[in-house]
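# Analysis of the macromolecular model
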Amino acid sequence: MKNTVVGMMAVLLAVSMLVGCNDEKELKLEGNWKLMDGSQSPACFSEMKFLNDPTSKKSPLSVHETTHKTTHKTTYDYTQIWFGEYEEEGNEIRVILHEPKADPFVMTADRSGNELKLQYEWKSEDLVCSYQLDK
């Protein structure tokens, strides 16, 4: 009887430790994020919109890629909007863009209040980008 109680206590202790170790900080990405002035990489997405689908592990997102174009001595901004989905795991965001199609990639995220810092590779360029939640 004593061995059973001690064994049960050991199992409960082990389970509670595992649950405590798996307590990942949720990023709560839902919303419109705009690139902050002074972001470290000029090729960052200019805007990102994360939605939440509570019925799936994957949720919809859109990203805006703004580039500066010059034609006939006129410079203008051109924005390509990409649509896809994302999946969070800890501080990593797996992005799958469907329209237009692109290779999946992973972003490493760090959120502090209304600021989101993302590190990711896009078009063979390593980027460090800071975003602010647009209220």
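We now turn to the structure provided with this report.

The rules behind these values
Residues numbered from 1 in each chain as written. Predicted model: local features only at pLDDT ≥ 70, side-chain atom pairs only at ≥ 80, totals over all residues. Heavy atoms only, no water. Helix = DSSP H or I, 4+ residues; strand = E, 2+ residues; numbered from the N terminus. Buried < 20%, exposed > 50% of the residue type's maximum accessible area, 1.4 Å probe, protein only.

So, about the environment of Pro 42. Position of Pro 42 relative to the elements: it lies in the loop between strand 1 (31-35) and strand 2 (47-50). For Pro 42, a relative accessible area of 77% gives the class exposed. Residues Pro 42 and Cys 129, 87 residues apart in the sequence, show an inter-C-alpha distance of 8.5 Å.

Another point: unusual backbone geometry. Cis geometry is adopted by the peptide bond preceding Pro 100, which originates at Glu 99 and carries an omega value of -10 degrees. As for its position among the elements, Pro 100 is in the loop between strand 5 (92-99) and strand 6 (105-112). Within the chain, Lys 73 stands out as a residue other than glycine whose phi angle is a positive 70 degrees. One non-glycine residue, Lys 123, adopts positive backbone phi at about 55 degrees. Residue Lys 123 is classed as exposed on the basis of its relative accessible area of 55%.

Honestly, it's all geometry; don't read function into it.
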